[in-house]
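# Inside the fold
The residues making up each chain are set out below.
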Amino acid sequence: MSGTVSPGPRWPVAILGSGNIGTDLMVKIQGSDGPLALAAMVGIDPDSDGLARARQLGVPTTAEGVDGLVQMPEFPDIRLVFDATSASAHYANWDRLADTGVRVLDLTPAAVGPYAVPVVNLDDHLDVPNLNLVTCGGQATVPIVAAVAQVGLVSYAEIVSSIASKSAGPGTRANIDEFTETTAAAVVSVGGARRGRAMMILNPADPPVMMRNTVYCLVDGDVDPGAIEQSIEVMVDRVRAYVPGYRLKQRVQFEFFTADNPLFIPETGTFVGTRVTTLIEVTGAADHLPAYAGNLDIMTAAAKATAERIALHTKRTAGASA
Ligand SMILES: NC(=O)c1ccc[n+]([C@@H]2O[C@H](COP(=O)([O-])OP(=O)(O)OC[C@H]3O[C@@H](n4cnc5c(N)ncnc54)[C@H](O)[C@@H]3O)[C@@H](O)[C@H]2O)c1
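What counts, and where the lines are drawn
- Residues numbered from 1 in each chain as written.
- Predicted model: local features only at pLDDT ≥ 70, side-chain atom pairs only at ≥ 80, totals over all residues.
- UniProt positions renumbered as here; feature names shortened; annotations may be inferred.
- Near = placed C-beta within 6 Å.
- Helix = DSSP H or I, 4+ residues; strand = E, 2+ residues; numbered from the N terminus.
- Nonpolar A, V, L, I, M, F, W, Y, C, P; charged D, E, K, R; others polar.
- Domains from an automatic or database assignment.
- Buried ≥ 20, exposed ≤ 12 C-beta atoms within 10 Å, placed from the backbone.
- Arc of directions from axis to C-beta.
- Contact = placed C-beta atoms within 7 Å.
- Core = buried A, V, L, I, M, F, W, Y, C linked by C-beta atoms within 7 Å.

Under the annotation held in an unreviewed UniProt entry, the protein carries the name Acetaldehyde dehydrogenase and is attributed to Mycolicibacterium aromaticivorans JS19b1 = JCM 16368. Listed in UniProt under the heading Catalytic activity (unreviewed entry), the comment for the protein reads: "acetaldehyde + NAD(+) + CoA = acetyl-CoA + NADH + H(+)". Listed under Sequence similarities (unreviewed entry) in UniProt, the entry text for the protein is "Belongs to the acetaldehyde dehydrogenase family."

Written out as structure tokens, the structure reads:
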């Protein structure tokens, strides 16, 4: 028997949250001939642009939030719900959905379930009921930290994500603290750094700026810069397989700190080793907002790729036990 799984019927999914992220994800799923079928778009504002666009696309909608979703005739068939609301709304949504048996993919930084970054650790979490996709900054930078950590010991990693203010909806603005906490935690637990820190800049420039990410890694002791650069380039290619606009803005930079010339870090003292700086730019596919909003794509493309992998895995598991 071959290892392939017949496509079978498409997997019905729903999106909670009809804002920037929810709308971008909807357009991506609707434009794809992959295994997912969008069965419901859920908001709380009947006049929102996202729900209007869903209706135009023929997607069933409700403006009654998660309670409206579970009462929709489509709900019994829905296998997975994407939550693109906000961290605080996610807690209530999960309370309502946890006992229904539906899988939940959390695009907010609520961090109820374990963190997943598709190219780093998704295989460890294909069966969990609630999976957290960290943040846009996390999806853009954790793979880079992991690539460096494959080659050397990363004693500290710091990431700075800069996004256009116009691309951050009220849901994003409501959970900036959660963004920094969740991203820093994922830099450590998924990226493999000993310590991590994350920052976000909402840049109000007009015309809007592209999503940019700076990743600093302090690597202890002697390392091979060529091996680190190669590991990063391989990782960038792997992320680009599902986020086409993801790229190195320029070559990876190295600074060397020796015992004669150490780096002084106020919290930890002197550091001897290599500082690796990686600059990433993400150009969006302009599915919802223009191309500057790569921060939408890095999250929605990761969410779509993750859900597709879960669908395939679930079909395979069901086939094996049949
Ligand atoms: N914008 C980004 O770049 C980005 C990237 C990655 C992750 N995120 C995360 O995605 C989430 C959404 O961000 P956004 O920028 O799309 O915000 P947004 O404000 O544009 O969208 C949130 C939507 O959710 C709806 N909503 C709020 N509470 C709800 C509830 N209880 N039930 C159903 N719908 C509800 C709102 O009406 C709104 O339409 C945030 O948690 C944010 O941190 C945002």
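The discussion continues.
Attention now moves to the site of the ligand. Near the ligand lie 36 residues; those nearest to it are Gly-17, Gly-19, Thr-108, Gly-169 and Gly-171. For the shell around the ligand, the secondary-structure elements that each account for two or more residues are helix H1 (20–30), helix H3 (65–71), helix H4 (87–97), helix H7 (170–173) and helix H10 (294–321). Across the shell around the ligand, the residue classes break down as 16 nonpolar, 19 polar and one charged. Taken domain by domain, the makeup of the shell around the ligand includes at least three residues from each of domain 1 (11–133 + 297–321) and domain 2 (136–290).

Buried within H4 we find Ala-87, Ala-89, His-90, Asn-93 and Leu-97. The arc enclosing the buried residues of H4, seen along the axis, measures out at 140 degrees, which places them on a common side. Residues of H4 that are exposed and point over 90 degrees away from its buried face: Tyr-91 and Asp-95. For H4, the elements touching its buried residues are strand E1 (11–16), H3, strand E4 (80–83), strand E5 (103–106) and helix H8 (176–189).

The next point concerns the environment of Asp-49. Within the secondary structure layout, Asp-49 lies in helix H2 (residues 49–56). Here Asp-49 falls in the partly exposed class, since 14 other C-beta atoms lie within 10 Å of it. Separated by 29 residues in sequence, Asp-49 and Asn-20 have C-alpha atoms that sit 9.6 Å apart.

Of all hydrophobic cores here, the largest spans 88 residues; its most connected members are Val-13, Ala-14, Ile-15, Phe-82, Val-145, Val-148 and Cys-217. When we break this core down by domain, the ones giving at least three residues each are domain 1 (11–133 + 297–321) and domain 2 (136–290). Excluding residues that lie within four positions of it along the chain, Val-13 makes contacts with Leu-36, Ala-37, Leu-38, Ala-39, Ile-78, Arg-79, Leu-80, Phe-82 and Ala-307.

The assigned domain composition of the protein is domain 1 (11–133 + 297–321) and domain 2 (136–290). The C-alpha-based centres of domain 1 and domain 2 are spaced at 26 Å. On the domain 2 side, the residues contacting the 28 residues of domain 1 number 31 residues. Looking at the side of domain 1 that touches domain 2, the elements with two or more residues in it are H1, H4, helix H5 (118–121) and H10. Counting residues per element, the side of domain 1 that touches domain 2 draws most heavily on H10, which supplies six residues. In the side of domain 1 that touches domain 2, the residues fall into 16 nonpolar, nine polar and three charged.

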